[in-house]
Amino acid sequence: MNSVILTAGTRVLVALLVLFSVFMLLRGHNEPGGGFIGGLIGATGFVIYAIACGTDAARAALRAAPETVAAAGLGIAILGALMAAITGQPFFTGQWLFLGAGEDGDKGLPLSSVLVFDVGVYLVVFGAILTLVFALEEEI
Amino acid sequence: MEPVLAVLVGLLVAAAVYLMLARSFLLYLFGLILVSNAANLVIFAAGGLTPGAPPLIETGALAPAGPVANALPQALVLTAIVIGFGLFAFALVLAFRAMTELGTIESDEMRIAEPPEAGR
Amino acid sequence: MSWLLAAPIILPLITAVLAYLARTRPLAGRIGVAGSVLHLAVAGVLMGVALDRGVVVAQIGSWPAPFGITLVADILSAVMVVITAITGLATAVYALADVGPRENRLGFHALLQVLLAGVSGAFVTGDLFNLYVWFEVMLIASFALLVLGGQKAQIDGAVKYVALNLVSTVLFLTGVGLLYGMTGTLNMADLAVTLRAAENPGLVTLVAMLFMVAFGMKAALFPLFFWLPASYHTPAFAVSAVFAGLLTKVGVYALIRTFTLIFTEDQPFTHTFLLWVACLTMAVGVIGAAAQADFRKILSFHIISQIGYMVLGLALMTPLALTGAVFYLVHHIIVKANLFLVSGVAQKIAGDTALDRIGGLYRTAPLLALLFLVPAFSLAGFPPLSGFWAKYVLVKASLDLGAWLVAGVALAVGLLTIYSMTKIWGEAFWKPHPEGRDPRLSALSPAARRALLGPIAALAVLTCVIGFFPQPFVALAERASAQLLDPSAYVAAVLGPEAGARFHRAPEAAAAATGAEAATGAEAAP
């Protein structure tokens, strides 16, 4: 599509959408949000970019092939599920690490295997959607 | 709320059956999308509709203070939506490929895998 | 224990990731084979533990049953996981020579492993919604595998496959929703306990029928099988072998699991219905096969008729009949996958799978002829091969019940199976090649020959072993069927010994007890 407004607007939009998608991913820790919705938003950014500047430009901007991103995401998700092995707990049990936790109920910065899993989900959704959309765009 | 949802499910299924009886694979898919949404609503309604608080527990407490919504049907529906989304995305691409490769998505004309026998 | 139960699912997924990242190189195929070997090893260990303890249970994520997802392996599940791993390994090796670089680049080996993960997951899960999820994992992988070649026939077959399987998915989901509304649980063991005290047995039967239709579609039961012969002859041979071996059998497994554990209250209706469906499935499948003239189409219709035998075992619901059903499952997966693999070799050296365009394989490739005869005779039920014992147990079970008609149908279908196998033999192996070609195995490169014939020979040997020494296998199937008929061990393993003991009592007492338990449980809950 050859539209100056769209092309110009896209530059801002893509950055905003990708940033917002990461925000949604991290927000999913305690509030509505998470990897799935984050991945969808992030993919939307690149879909707009592909519509405005063509899939070649979008693929170049992404650097990695979207299929590879999805496969890597699956790997990361499995890794998150496997982390329970560290403490010998049953498979998929969430592992938590509270960085700098204080005595008086201050939890510091909570890091968890749940977040790792969610990052995997984010990448799987992101990669899978872009794979489909790019394939369709290139066919038409 | 439940009667309204029940009627809605009925309407969705009726529309879906009508669409799925069409010869075009694309209309069939649209029907499937409707009927899968009907299934999601069935889960949602069957789980009990609780207007009110999200099922979140205060810091330090062991149980929610008042009645809260049942989170499980929502999780089930969300999972079903995600899976359905993936399946339909695939099915749409397939319909597109069928259109470009076979030149038709009318089910009566798709006889390449099962060619009609001679004399018929 | 939790890791042992999760391993048959996780290992193929990890293999899939690695194989996908290596998809541009031939290395991907070798990763697939290595992963399948590990899968088989893990499945073997699981089998050993299940034999030792009866039922192995894992609560995923430390959530206690019935709140979290439970993975359960009783002997049936363990057997199915082992057989999945065997089929997966055979296919992965075969695919080394069957699958071209194009399909490899599109991720064939990764998709195959995802499919195996989905099948294994469906076999070990103890949660109905989780079963749905594994069905979908399996389904998405199978969709992609079906159209990987991009040929017109594949797309045509895939449209029908996708269309009908999605309907089954929606029905399954609706059934899950209704069941959850009725009982408030989706853990299979908990459902078994709760449904005994169901307020509205009529509604339970209704939902049971919904599940029967959904699983029946997956299993290709009469009259829901039309997607199968429309699609199974189109994909790569390795793919159709693993489809033929495993996919419909997951539907049969789901039927066996739900209709021995959960929906057992209205057996006069549900199981009689299944009995008729089983007889019709056997008959229609074998008659359909008789009308076909393509190697893989004949085999596809035979899958349908063989599914009828397994469901027959479930429908009769006696210890002997269920033993027969389990034995049949194992025998059938091995034999059927093997026949599809043979058809692939026949196509590669003789040029086609349409029977009127090939021939002469007996004269020029006697080894392949021998490797065809073993599974073909076994499928038809020639003694002393595995199919004979499978059919024998089932026919004996129906005669014990005085079900003469059923036994008659089963025997007649066996005879007609011989007719189809003779047709393939006569056309593909016996008559001379119509174009005067000289199909020889030596036309294949030595590496391809090893990769193609190795799995076929291994599966044929396995068929012979089961046939010549059926006793340990029948004993295993007997233990599995005893567990299916008395699921109290299953319930006890998942929900704790008290629930199991309660479940074991007379249904009325158990109903009263669970009712009381539910009442106190509700009070105790915060």
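Residues numbered from 1 in each chain as written. Chains lettered and ligands numbered in written order. Predicted model: local features only at pLDDT ≥ 70, side-chain atom pairs only at ≥ 80, totals over all residues. Heavy atoms only, no water.

Structural notes on the packing of helix α1 (residues 4-27) of chain A against helix α2 (residues 35-53) of chain A
Residues and elements named next belong to chain A. Selection criterion: In this analysis, axes come from line fits to C-alpha atoms, helices being fitted only over the stretch in contact, and the angle between any two N-to-C directions falls in the range 0 to 180 degrees. Helix and strand labels come from DSSP, where a helix needs a run of H or I of at least four residues and a strand needs a run of E of at least two; each type is numbered from the N terminus. Angular relationships are summarised with four words: roughly parallel below 35 degrees, roughly antiparallel beyond 145, roughly perpendicular across 65 to 115, and oblique for the angles in between. Each residue receives one of three labels: charged for Asp, Glu, Lys and Arg, nonpolar for Ala, Val, Leu, Ile, Met, Phe, Trp, Tyr, Cys and Pro, and polar for the others, Gly being one of them.
Where α1 meets α2, the closest approach of the two axes is 8 Å, and the angle between their N-to-C directions is 170 degrees. It follows from the interaxial angle that α1 and α2 lie roughly antiparallel. Counted by class, the contact of α1 with α2 contains 16 nonpolar, 8 polar and no charged residues.

With respect to the packing of helix α13 (residues 295-316) of chain C against helix α18 (residues 404-430) of chain C
All names here are of chain C. Condition: The crossing is said to be left-handed when, going from far helix to near helix, the turn is anticlockwise and less than a right angle, and right-handed when the turn is clockwise. Here, residues are in contact when the closest pair of their heavy atoms is within 4.5 Å.
Viewed as axis vectors pointing N to C, α13 and α18 meet at an angle of 160 degrees, and their least axial separation amounts to 11 Å. Judged on the interaxial angle alone, α18 and α13 are roughly antiparallel. Note on packing geometry: the crossing formed by α13 with α18 is left-handed. Mapping the contact onto sequence places Phe295, Ile298, Leu299, His302, Ser305, Gln306, Tyr309 and Leu312 in α13 and Val406, Ala410, Val413, Gly414, Thr417, Ser420, Met421, Lys423 and Ile424 in α18.

Details of the nonpolar core
The following threshold applies: We call a set of buried residues a nonpolar core when its members are Ala, Val, Leu, Ile, Met, Phe, Trp, Tyr or Cys and they connect through side-chain atoms within 4.5 Å of each other. Three exposure classes are used, based on accessible area relative to the maximum for each residue type with a 1.4 Å probe and protein chains only: buried under 20%, partly exposed in between, and exposed over 50%.
Counting residues in hydrophobic clusters, the biggest one holds 243 residues, and the most contacted among them are Leu32 of chain B together with Leu128, Phe172, Phe263, Leu368, Phe372 and Ile424 of chain C. When neighbours within four sequence positions are excluded, Phe263 of chain C is seen to be in contact with Leu179, Leu195, Val204, Val207, Ala208, Phe211, Thr258 and His271 of chain C. Of all hydrophobic cores here, the second largest spans 14 residues; its members include Ala43, Tyr49, Ala50 and Leu62 of chain A.

Description of the confidence of the model for chain C
Residues and elements named next belong to chain C. The condition that has to hold: A residue's pLDDT is the predictor's confidence in that residue, given on a scale from 0 to 100.
Scored by pLDDT, chain C comes out at a mean of 86, with 95% of its residues at no less than 70. Ranking the helices and strands of chain C by mean pLDDT puts helix α5 (residues 108-124) first, with 93, and helix α23 (residues 507-524) last, with 43. In this model, residues 508-526 is a region of pLDDT below 50 whose contacts with residues beyond four sequence positions or in other chains number 12 contacts.

Re the pairing of strand β1 (residues 56-59) of chain C
Residue and element names in this part refer to chain C. The condition that has to hold: Being paired, for any two strands, means DSSP has found at least two bridges between them.
Of the two faces of β1, both are covered, the one formed by Val56 and Ala58 as well as the one formed by Val57 and Gln59. As judged from the 4 bridges shared by β1 and strand β2 (residues 70-73), these two strands associate in the antiparallel manner. Bridged to Val57 within β2 is Val72.

Notes on the interface of chain C and chain A
Operational definition: Summed over both partners, the accessible surface that disappears when two parts come together, traced with a 1.4 Å probe, is what is meant by buried area. Whenever Lys or Arg places a side-chain nitrogen within 4 Å of a carboxyl oxygen from Asp or Glu, that contact is recorded as a salt bridge. Under this definition, polar contacts are N or O atom pairs within 3.5 Å; protein pairs additionally need one hydrogen-donor-capable and one acceptor-capable atom, and for neighbouring residues in sequence, both atoms have to be side-chain atoms.
Taken residue by residue, the interface counts 14 residues in chain C and 16 residues in chain A. Of the roughly 1,300 Å² buried where chain C meets chain A, counting both sides, 77% is carbon and sulfur surface. The interface formed by chain C and chain A holds 1 salt bridge in total. As a salt-bridge pair, Glu67 of chain A and Arg23 of chain C come within 3.9 Å of each other at their nearest N and O atoms. Taken together, the connections running from chain C to chain A amount to 1 residue pair in polar contact (both at pLDDT 80 or more). Residues that form the side of chain C that touches chain A fall into these classes: 9 nonpolar, 4 polar and 1 charged.

A word on helix α3 (residues 55-62) of chain A
Residues and elements named next belong to chain A. What counts, and what does not: By construction, the arc corresponds to the directions joining the helix axis to the C-beta atoms.
Those residues of α3 not exposed but buried are Thr55, Ala58 and Leu62. All buried residues of α3 lie within an arc of 60 degrees about the axis, which places them on one face of the element. Across from the buried face of α3, at angles greater than 90 degrees, the exposed residues are Asp56 and Ala60. Buried residues belonging to α3 abut α2, α4 (66-82) and α5 (113-139). Arg63, located one to two residues past α3, shows a positive phi value of around 70 degrees.

Some points on the pattern of salt bridges
Residue and element names in this part refer to chain C. According to the stated counting rule, one finds 8 salt bridges over all chains in the structure shown. Put simply, Lys348 and Asp98 hold a salt bridge, and the shortest N to O gap is 2.6 Å. Of the two residues, Lys348 sits in helix α14 (residues 319-350) while Asp98 sits in helix α3 (residues 75-98), which places them 250 residues apart along the sequence. Note on Lys348: relative accessible area 28%, which makes it partly exposed.

Re helix α20 (residues 470-485) of chain C
Residues and elements named next belong to chain C. Put simply, the rule reads: Here the expected length of a helix is defined as 1.5 Å per residue gap, with one fewer gap than residues.
Helix length check: α20 (16 residues) gives 22 Å between terminal C-alpha atoms against 22 Å at 1.5 Å per residue, within 8%. Of all the residues in α20, the buried ones are Pro470, Val474, Ala477, Ala480, Ser481, Gln483 and Leu484. Where α20 is buried, its residues contact α3, α11 (237-262), α14, α17 (386-400) and α19 (446-468).

Brief notes about the interface of chain C and chain B
With 36 residues of chain C at the contact, the number on the chain B side is 36 residues. Summing the contributions of chain C and of chain B, the shared interface buries around 2,900 Å²; its carbon and sulfur component is 79%. At the surface where chain C touches chain B, the tally comes to 0 salt bridges. Across the chain C-chain B interface, the total number found is 1 residue pair in polar contact (both at pLDDT 80 or more). When residues of the side of chain C that touches chain B are traced back to their parent elements, those giving at least two are α6 (128-147), α7 (152-183) and α10 (227-231) of chain C. Here the side of chain C that touches chain B gets 20 residues from one element, more than from any other, and that element is α7 of chain C. Taken together, the residues that form the side of chain C that touches chain B break down as 24 nonpolar, 7 polar and 5 charged.

Some thoughts on unusual backbone geometry
Residues and elements named next belong to chain C. Along the chain, Phe222 connects to Pro223 via a cis peptide bond; the corresponding omega equals -5 degrees. Despite not being glycine, Ala220 shows a phi value in the positive range, around 65 degrees. Note that Ala220 resides in the loop between α9 (201-219) and α10. Of note, Met317 is a non-glycine position whose phi angle comes to about 60 degrees, a positive value. Among the secondary structure elements, Met317 is positioned in the loop between α13 and α14.

Section: the confidence of the model for chain B
Residues with a pLDDT of 70 or more make up 96% of chain B, whose mean pLDDT is 84. When pLDDT is averaged over each element of chain B, helix α1 (residues 2-20) of chain B comes out on top at 92 and helix α3 (residues 71-102) of chain B at the bottom at 86.

So, the side chain of Ser420 of chain C
Residue and element names in this part refer to chain C. Assignment of secondary structure puts Ser420 in helix α18. Residue classification places Ser420 among the buried residues on the basis of a relative accessible area of 0%. Looking at Ser420, its side chain comes within polar contact range of the side chain of His302, at 3.1 Å. Not counting the four nearest positions on each side in its chain, Ser420 is found in contact with Ala289, Ala290, Ile298 and His302.

What about the environment of Val250 of chain C?
All names here are of chain C. Structurally, Val250 can be placed in helix α11. Taking C-alpha positions, Val250 is 30 Å from Arg502, a pair spaced 252 residues apart along the chain. Not counting chain neighbours up to four residues away, the residues in contact with Val250 comprise Val119, Ala122, Phe123, Phe135 and Met138.

Here's the deal with a nonpolar patch on the surface
Residues and elements named next belong to chain A. This is how it is decided: Only residues whose relative accessible area exceeds 30% and that form no salt bridge are eligible for patches; like-charged ones are grouped when within 9 Å, while nonpolar side chains (Val, Leu, Ile, Met, Phe, Trp, Tyr) are grouped when within 5 Å. Note that accessible areas follow from Shrake-Rupley with a 1.4 Å probe, and for residues the cover is restricted to the protein chains shown.
Together, Leu97, Leu99, Leu109 and Leu111 make up a nonpolar patch on the protein surface, roughly 350 Å² of accessible area in all. Sorting the residues of the nonpolar patch by element identifies β1 (96-99) and β2 (109-112) as the ones contributing at least two each. Tracing the sequence through the fold places Leu109 in strand β2.

Here we look at the packing of aromatic side chains
Where we set the bar: Stacked, tilted and edge-to-face are the three classes assigned to paired rings of Phe, Tyr and Trp, where Trp is represented by its six-membered ring and a pair needs centres within 6.5 Å; plane angles under 30 degrees give stacked, over 60 edge-to-face, the rest tilted.
Counting across every chain of the model gives 35 aromatic pairs over all chains. Here the aromatic rings of Phe388 of chain C and Trp389 of chain C are separated by 5.0 Å at their centres, their planes lie at 70 degrees, and the arrangement is edge-to-face.

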